[in-house]
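If you want the building blocks of each chain, they are given just below.
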Protein chains: 2
Amino acid sequence: MISLTMNRQAFLNNLRITIRAIASKTTIPILTGVKLVLTNDGLMMTGSNVDISIETFLKSDDEKANMRIHSTGGIVMDARLLNNIVAQLPQEDFTMEVMENHQVQITSGKAIFTVKGLDVENYPRLPEIDETTPLKIPVEILKQIISQTVFSVSKQESKPILTGVHVLVENGQTLKAVATDSHRMSQRVLTLPNETANFDIVIPGSSLKDVGSVFSDEEDDLDVSIADNQVLFVAGGIRYYSRLLEGNYPPTDRLIPTSYSTAVEFEVRDLQKAITRASLMSHEGHNNIVRLEITSSGVKLFGNSPEVGRFDEDLAPEKISGEELTISFNPDYMKEALSAFGDAHVEIQFISPVRPFTIRPLEDADSFIQLITPVRTA
Amino acid sequence: MISLTMNRQAFLNNLRITIRAIASKTTIPILTGVKLVLTNDGLMMTGSNVDISIETFLKSDDEKANMRIHSTGGIVMDARLLNNIVAQLPQEDFTMEVMENHQVQITSGKAIFTVKGLDVENYPRLPEIDETTPLKIPVEILKQIISQTVFSVSKQESKPILTGVHVLVENGQTLKAVATDSHRMSQRVLTLPNETANFDIVIPGSSLKDVGSVFSDEEDDLDVSIADNQVLFVAGGIRYYSRLLEGNYPPTDRLIPTSYSTAVEFEVRDLQKAITRASLMSHEGHNNIVRLEITSSGVKLFGNSPEVGRFDEDLAPEKISGEELTISFNPDYMKEALSAFGDAHVEIQFISPVRPFTIRPLEDADSFIQLITPVRTA
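Parameters and conventions
- Residues numbered from 1 in each chain as written.
- Chains lettered and ligands numbered in written order.
- Predicted model: local features only at pLDDT ≥ 70, side-chain atom pairs only at ≥ 80, totals over all residues.
- Helix = DSSP H or I, 4+ residues; strand = E, 2+ residues; numbered from the N terminus.
- Buried ≥ 20, exposed ≤ 12 C-beta atoms within 10 Å, placed from the backbone.
- Contact = placed C-beta atoms within 7 Å.
- Least-squares fit on C-alpha atoms with pLDDT ≥ 70 in both.
- Pairing = 2+ DSSP bridges.
- Axes fitted to C-alpha atoms, helices over the stretch in contact; angles between N-to-C directions.
- Parallel < 35°, antiparallel > 145°, perpendicular 65-115°, else oblique.
- Left-handed = near helix turned anticlockwise from the far one by under 90°.
- Nonpolar A, V, L, I, M, F, W, Y, C, P; charged D, E, K, R; others polar.
- Domains from an automatic or database assignment.
- Arc of directions from axis to C-beta.

Caption draft 1: Here's a closer look at the overall build of chain A. Counting its secondary structure elements, chain A contains six helices and 26 strands. Over its C-alpha atoms, taken along the principal directions, chain A stretches across nearly 80 × 50 × 40 Å. For chain A, with 378 residues in total, the buried portion stands at 39%. Residue pairs in contact within chain A that sit at least 24 positions apart in sequence constitute 67% of those at least 6 positions apart.

Okay, here's the thing in structure tokens:
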């Protein structure tokens, strides 16, 4: 049975990652708990709900953890209570001892907690995934791909497949990530070096947001493995399992226009701030739309709410080419799309007031594209 | 009609204080607005709801405000929209111009907002309060009095008078502030130099919390004036009006015990942390109580939840005197009471397990007292 003395903060760091997978209320009571398994190699924590599971491992020779293992074993403990208790202990180190009947004693200084645990044998098993040939991808790149696409997934459960990001790896050569809610679309393409994997999966957007915050940029490579209906991300002692969405993702390549009649270039931050200003007016109105007027002499942005007032601003494009055009769109889609570019310069290409327009970075224009459907106005 | 160019941030600083008094939804539409009155002396902003009103004044010669007054006048504008607009403007300065039909144009750089305002004549008048002989009190002291008492006001509207803090100024000699929810009581007493005021008022706890955050420690003295059913706090260009609670506050002096049989001294922070730990267990149980056992050899703290587990800790009192005693109480009351003492050392005095006990600072013991009613256990 577990008998362990270790650093409080190192324990909490791992528990707080694991706890992300643990619901505070669930129909399977043991799943409100965190599974702790101590071996001579270290301490494994497991948390799980219907959609995702997280395992974190702290090596016994981790310097900050300062683990003194007196006896090994396993126990399941209420995750939130355990987190609160360890967070409030008076000293830097604490001792955890499992006793008879799954009672757990936690001591630090003169504070003694005795709480009921659950038999580790009753904790459900995680899915088994073949990890022999994972796709390797730098954490930083994966986080970028996620932040550039995941905001475009549908929030509506009526089309469940669109609540995920479609990830395609073809012949280990290129990775393509696509998200669309049928009003806008985000697509990121990446060239992969020396990979052999082939994926065609749809990962829930909520899981990807999680992955983006669970893994730290400090880790270099992250391993991605796939089973029938599960994906597993592994890096730096953290294993993140997510179910996949079932069904066929609609074809999206044909949505991307191959020509344009009007193009404007902008510094992203400038444009984003102007769109935010215009949206202050559009948000007051019934249809949340702003209007862009492109002429050879300049670009004007308008926001209007008949009840409240109006906004207009002469923008400062870096380049204008092609035909004159007036187009209306949802400024919130535009703001989110622009924020995915960071500090870059972008080209926006238009075909007509009723056809989707695209936003691409000036550099490496094929790697990243955002598409927004305009709103027809009378 | 108003025509003004000024610093955006200085405008926002005052607007964000004024807006605290402005409800986003109200049955009197004009009260969702902020009243702006520009004279050659400066800019007055007014916000008001049923319970409180705030006026802020920015002097025309304020250096940071950098005001250029082209024309004076008044207007009422939707406070939240105005705040959002000015916050998003592109340049450091902005211009506000009132035009025909209460239209207001706000410009900065190339951004132009035109929004509908309301006639300033339709804004309700604030109560008139005689300010000729205010009570003067340092802002820092007032904030301390508030933070030491206001947490004990009742949250239950069934006894409305107990939702306020009773403030008594007798013969301008002493100020006494008392709050109680009938389970615990906080009382702060202060000697006043050279005052002539006489108050016996009950100020809503919610208003006092506001006052604590609206006024800045940078100001020295704050003036307090009273009218029939209003109190007015004035300092540093800010005027805060609150209605008073009507009715008789129950007598509280007789609740304070005059003797004790057991006393213990503690360093506040240490005791507070131990109480927090014990409350992790008591919060899991049905009756949120912890138990203190005082013997000549030491003080032990217990927390217990039959379902979840138990806690115990040998505390480190600085002094124990009198009879042995075991007493149970709500740890949340104790935590809040202790937090009002800051870094001090306190003496806790007990009479019996069923009589209220008191907490006082070791220094200046008569100035501040917290009283907590214990919970009888079987």
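Back to the text.
Caption draft 2: Geometry of the relation of the copies chain A and chain B. Once turned by 180 degrees and shifted 0.0 Å along the axis, chain A lies on chain B with an RMSD of 0.0 Å. When the rotation and shift are considered jointly, the pair of chain copies conforms to a two-fold rotation axis. Of the interface residues in chain A, 96% have counterparts in chain B that sit at the interface too, so the contact is made through matching surfaces.

Caption draft 3: Examining the pairing of strand 2 (residues 33-39) of chain A more closely. Residue and element names in this part refer to chain A. The buried fraction of strand 2 is high, at five of seven residues. Across six bridges, strand 2 lies against strand 6 (residues 73-78) in antiparallel orientation. The residue bridging Leu 38 from the neighbouring strand is Gly 73, located in strand 6. Where strand 2 folds back onto strand 3 (residues 42-48) in an antiparallel hairpin, the turn is made up of two residues.

Caption draft 4: Expanded view of the packing of helix 3 (residues 139-149) of chain B against helix 4 (residues 205-214) of chain B. Residue and element names in this part refer to chain B. Where helix 3 contacts helix 4, the axes come no closer than 9 Å and their chain directions differ by 140 degrees. Viewed along their axes, helix 3 and helix 4 adopt a mutual orientation that is oblique. In terms of crossing hand, the pair formed by helix 3 and helix 4 is left-handed. Contact residues: Lys 143, Ile 146 and Ser 147 in helix 3; Leu 208, Val 211 and Gly 212 in helix 4. Of the residues contributing to the contact of helix 3 with helix 4, the split by class is three nonpolar, two polar and one charged.

Caption draft 5: Representation of the domain arrangement of chain A. Residues and elements named next belong to chain A. Under the domain assignment used here, chain A contains domain 1 (3-122), domain 2 (135-253) and domain 3 (256-372). Using only C-alpha atoms to locate each centre, domain 1 and domain 2 end up separated by 30 Å. With seven residues, the top contributor of residues to the side of domain 1 that touches domain 2 is strand 4 (residues 52-59). Counted by class, the side of domain 1 that touches domain 2 contains five nonpolar, two polar and three charged residues.

Caption draft 6: Spotlight on the interface of chain A and chain B. Every contact between the two is made by 24 residues of chain A and, on the other side, 23 residues of chain B. The class makeup of the residues in the side of chain A that touches chain B is 10 nonpolar, five polar and nine charged. Across five bridges, the pairing between strand 21 (residues 309-314) of chain A and strand 9 (residues 111-116) of chain B is antiparallel. Of the residues in strand 9 of chain B, the one forming a bridge with Asp312(A) is Ile112(B).

Caption draft 7: Focus on helix 6 (residues 331-339) of chain B. Residue and element names in this part refer to chain B. Taken together, the buried positions of helix 6 are Pro 331, Tyr 333, Met 334, Ala 337 and Leu 338. Seen from one end, helix 6 has its buried residues packed into an arc of 155 degrees, which puts them on one side. Looking at the buried positions of helix 6, the neighbouring elements they touch are strand 13 (184-191), helix 5 (268-282), strand 19 (290-295), strand 23 (325-329), strand 25 (357-361) and strand 26 (368-372).

Caption draft 8: The arrangement of unusual backbone geometry in detail. Residue and element names in this part refer to chain A. Look at His 102: it is not a glycine, yet its phi comes out positive at around 60 degrees. Relative to the assigned elements, His 102 resides in the loop between strand 7 (93-98) and strand 8 (103-108). The class for His 102 is partly exposed, based on 16 C-beta atoms found within 10 Å. The backbone of Ser 182 sits at a positive phi, close to 80 degrees, despite the residue not being glycine. Take Ser 182: there are 13 C-beta atoms within 10 Å of it, and that puts it in the partly exposed class.

Caption draft 9: Spotlight on the sheet that holds strand 21 (residues 309-314) of chain B. As summarised here, the arrangement of the nine strands in space is 5(A)-1(A)-7(A)-8(A)-9(A)-21(B)-20(B)-19(B)-23(B), forming an open sheet in which the pairing is antiparallel. Looking along the sheet, the strands with just one partner apiece sit at the ends: strand 5 (68-71) of chain A together with strand 23 of chain B. Taken pair by pair, the neighbouring strands of this sheet meet at an average axis angle of 15 degrees, ignoring direction. As defined by bridge partners, strand 19 of chain B adjoins strand 23 of chain B across five bridges and the pair is classed as antiparallel. Directly across from Arg291(B), in strand 23 of chain B, lies its bridge partner Ser328(B).

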